[in-house]
Amino acid sequence: MNIGRGATQQSSAPYNRRLVLDFIRQHGAASRKDIQEKVSLSPQTVANITNELESIGLIVSRRQKDLKTRGQPPIAFEINPDAGQSIGISLEPGRASGALVNLVGQIDARCEVRLQGCDRAQLLAGLLELVASLRRQASARLWGIGVALPGPLGDTELSFVGPTALEGWKDLSILDQLQEATGLPLFHSVDSVAGALGETLYGVARHLDNFFYLHLSVGLGGSLIVGRNTYRGADGNATEIGHVPVVPGGTPCYCGNQGCLERYLSLHSLAEALGMDDGQIRTSDLLSRLDDPNDQALQQWCLQAAQRLRDAICMIENLLDPQTIVIGGSAPQKLVQRLVELAQPLHRSVRGRPQPELPRIMISLREEDCSLLGAAVLPIHELLSPRLEGVQRDDQGEAQAAELLGHRAGAGGRRI
């Protein structure tokens, strides 16, 4: 893992604070000496930052134990789990799931509401009900609301198109209404980006610098992490892998193309194969059916989906050369494991050499919580994850960083 170097300019203070916080989070606990050596900041800078972060409650200090040293054992700093919570919302066609998450990634409360149709008033009422339920259970400062939703977003031909997207939505102005009604800062992102951030901060990828995140849910998305930051592309919709045609003349896709990967590898395609709607997939006996070799419809879908997964893994590796590919999303972990097993042996690729310490595929341990956790990460991502471009932000960016670190009150929502 590469540790970023601290910057010395006065304008880089937010970046250095995030760098120190991210180092402490990755290691669980870290002394000032550890931070100085690995992050390359001066002793005085590290002392100033840790004092500041401790004074506003974001970190706590404890004496290290069982160290054979003379005198007082050194002090180690840890992220304070009680320093705040955020609300994560995962939007999928027909439902919104919510969770209250603390700064170390623990889910303290959950809520789910059904969303029917595209009527703005009904949708907003459902989201407000979800937020109100979680807010009543909050026990610490609320950093804000994070919303993860299926992409692509923005003014593209594929936005809000098809049953795996928020079909019928015109734009995301309802999120502005949600922020105004709740008075909380609100951030939103494509679900695959949110899931990748969740894995980076709290999941199996927490010690990785470069990986590809494959988001297997109602639809199929992807996100490339480079240097612990998401590669967004020109308009924020990079690595929209679900709509890459992989079968010439294949199944028509709602995007207008044929043979798109998502038409073979997604919960929606599974529901189609089993003659169900998407909501029934979540309430069916799917996991028990996986163990029935006589369930021909399910077993046949798994075989063809695994074939497409094998192709996708090879394509991702040859194009992007990530350290590994992490598979997460709302698909049940048992189903993902079955697909990965059936996809063996994987195709030869630039990542195909033996590397037992880091497999080519890693499965998220958060199972269906991946999207929720990723959404909840959004309000605190700026706080816990250093980004070099933060050094070059304008005054507004500096003000937002200060707000996240507790220096000023205010609200504001944006896409990250």
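Values in this document were obtained by computation on a predicted structure and should not be read as measured data.

Trainee: Any chance you could explain the pairing of strand E12 (residues 325–328) here in plain terms?
Mentor: For a regular strand, the rule is simple: side chains alternate between the two faces of the sheet. Covered by surrounding structure in E12 are Ile 325 and Ile 327 together with Val 326 and Gly 328, the residues of both alternating faces. Two elements, strand E9 (residues 211–216) and E12, share 4 bridges in a ladder whose sense is parallel. Pairing of His 215 across the sheet is with Gly 328, part of E12. As paired strands, E12 and strand E13 (residues 361–363) are joined by 3 bridges and run parallel to one another. What sits directly across from Val 326, in E13, is Met 362.

Trainee: Would you take a moment to explain the packing of aromatic side chains for this structure?
Mentor: For any pair of aromatic rings, geometry is given as the distance between the ring centres together with the angle between the planes. Scanning the model with the defined rule gives 0 aromatic pairs in all. When the ring centre of Trp 143 is taken as origin, the NZ or CZ atom of Arg 141, which lies over that ring, is 4.0 Å away. Between Arg 308 and the ring centre of Tyr 264, over which it is positioned, the NZ or CZ distance is 5.9 Å.

Trainee: How should the confidence of the model for the chain be read in this particular structure?
Mentor: A low pLDDT means the predicted coordinates there should not be read in detail. Looking at the chain as a whole, its pLDDT mean stands at 82, while 81% of the residues score no less than 70. Summarising per-element confidence for the chain, the mean pLDDT is lowest in helix H13 (residues 395–404) (43) and highest in helix H10 (residues 296–320) (96). Every residue in residues 388–402 is under pLDDT 50, and counting partners more than four places away or in other chains gives 16 contacts. Confidence over residues 404–413 falls short of pLDDT 50; this stretch has 28 contacts with residues more than four positions distant or in other chains.

Trainee: I keep staring at the environment of Leu 134 and nothing clicks. Help me out?
Mentor: Mapped onto the fold, Leu 134 is located in helix H4 (residues 120–136). Residue Leu 134 is classed as buried on the basis of its relative accessible area, which comes to 0%. Expressed as a C-alpha distance, the spacing of Leu 134 and Ala 109, which sit 25 residues apart in the sequence, is 6.7 Å. Leave out the neighbours within four places in its chain, and Leu 134 touches Ile 87, Gly 98, Ala 99, Leu 100, Ala 109, Arg 110 and Cys 111.

Trainee: Please explain the packing of helix H1 (residues 13–27) against helix H3 (residues 43–55) as it appears in this structure.
Mentor: Two measures define how a pair of helices packs: the angle their axes make with one another and the distance between the axes. Where H1 contacts H3, the two axes come as close as 10 Å, and the packing angle between them is 75°. Taken together, H1 and H3 sit at an angle that is classed as roughly perpendicular. For the pair H1 and H3, the contacting residues are Asn 16, Arg 17, Val 20 and Leu 21 in the first and Ile 49, Thr 50, Glu 52 and Leu 53 in the second. Residue composition of the contact of H1 with H3, grouped by class: 4 nonpolar, 2 polar and 2 charged.

Trainee: Whenever I open this one, the pattern of salt bridges confuses me. Can you help?
Mentor: Opposite charge on two side chains allows them to pair when their charged atoms are near. A full pass over the atoms with the stated rule returns 14 salt bridges. Across the pair Arg 95 and Glu 92 runs a salt bridge whose closest N-O atoms are separated by 3.0 Å. When sorted by exposure, Arg 95 lands in the same class as Glu 92, which is buried. Measuring nitrogen to oxygen at the nearest pair gives 2.9 Å for the salt bridge that ties Arg 263 to Glu 272. A relative accessible area of 42% places Glu 272 in the partly exposed class.

Trainee: Looking at this structure, how should I read the sheet that holds strand E1 (residues 30–31)?
Mentor: Adjacent strands of a sheet form backbone hydrogen bonds with each other and so pair up, either parallel or antiparallel. Taken together, 3 strands build an open sheet; the order of strands is E1-E3-E2 and the sheet is antiparallel. Either end of the sheet is taken by a strand with one partner, and the two such strands are E1 and strand E2 (59–63). Two strands pair when backbone bridges link them, and E1 and strand E3 (residues 75–79) are joined in this way by 2 bridges, in the antiparallel orientation. Counterpart to Ala 30 in the pairing with E3 is Phe 77. Sitting on the sheet, H3 touches E2 and E3, and the angle it makes with E2 is about 110°.

Trainee: What exactly am I supposed to notice about H3 here?
Mentor: Along an α-helix, a turn takes 3.6 residues, which lines up residues three or four apart on a common side. Between the first and last C-alpha of H3 there are 18 Å, a value that for 13 residues agrees with the 18 Å anticipated at 1.5 Å per step. Its buried side turned inward, H3 meets H1, helix H2 (32–39), E2 and E3. Where H3 terminates, the next one or two residues include Gly 57, which has phi positive at roughly 85°.

Trainee: So what exactly am I meant to see when it comes to the pairing of strand E10 (residues 220–226) here?
Mentor: Counting buried residues in E10 gives 6 out of 7 residues, a clear majority hidden from the surface. Pairing of E9 with E10 involves 6 bridges; the strand directions are antiparallel. The residue of E10 that forms the bridge with Leu 216 is Leu 220. Turn length for the E9-E10 hairpin, with the two strands adjacent in sequence and antiparallel, is 3 residues.

Trainee: Explain the packing of H4 against helix H5 (residues 173–182) here, please?
Mentor: With their axes 10 Å apart at the nearest point, H4 and H5 run at an angle of 40° to one another. Judged by the inter-axis angle, H4 sits oblique to H5. Crossing geometry of H4 relative to H5 is assigned as right-handed. Residues Arg 120, Leu 123, Leu 124, Leu 127, Leu 128, Val 131 and Arg 135 of H4 lie in contact with H5, whose contacting residues are Ser 173, Ile 174, Gln 177, Leu 178, Ala 181 and Thr 182.

So, how was this worked out
What you see as residue numbers is a count from 1 along each chain, following the sequence as written. For a predicted model such as this one, the threshold for reporting local features is a pLDDT of at least 70, and the threshold for listing and counting side-chain atom pairs is 80 or more; totals across whole chains, interfaces and linings nevertheless cover every residue. Note that water and hydrogens are dropped before the side-chain values are worked out from all heavy atoms of the structure. The classification of residues rests on relative accessible area computed with a 1.4 Å probe and restricted to protein chains. Under 20% of the type maximum is buried, over 50% is exposed, and intermediate values are partly exposed. Labels follow the DSSP assignment, with helices taken as runs of H or I lasting at least four residues and strands as runs of E lasting at least two, numbered in each case from the N terminus. Any two strands with at least two DSSP bridges between them are considered paired. Stacked, tilted and edge-to-face are the three classes applied to pairs of Phe, Tyr and Trp rings, where Trp contributes its six-membered ring and a pair requires centres within 6.5 Å; stacked means planes under 30 degrees apart, edge-to-face means over 60, and tilted covers the rest. For a lysine, the NZ atom is tested; for an arginine, the CZ atom; a charge sits over a ring if that atom is within 6 Å of the ring centre and within 35 degrees of the ring normal. Within a predicted model, pLDDT stands for the predictor's per-residue confidence, ranging from 0 to 100. Should any heavy atoms of two residues lie within 4.5 Å, those residues are considered in contact. Axes here refer to lines fitted to C-alpha atoms; in helices the fit is confined to the stretch in contact. Angles between the N-to-C directions go from 0 to 180 degrees. Roughly parallel refers to an angle under 35 degrees, roughly antiparallel to one over 145, roughly perpendicular to one between 65 and 115, and oblique to any angle outside these ranges. Just so you know the grouping, Ala, Val, Leu, Ile, Met, Phe, Trp, Tyr, Cys and Pro go in nonpolar, Asp, Glu, Lys and Arg go in charged, and all remaining residues, Gly too, go in polar. Any Lys or Arg side-chain nitrogen found within 4 Å of a carboxyl oxygen on Asp or Glu counts as a salt bridge. Any helix carries an expected span of 1.5 Å times its number of residues minus one. Each helix crossing is assigned a hand: it is left-handed if the near helix lies turned anticlockwise from the far helix by less than a right angle, otherwise right-handed if that turn is clockwise.

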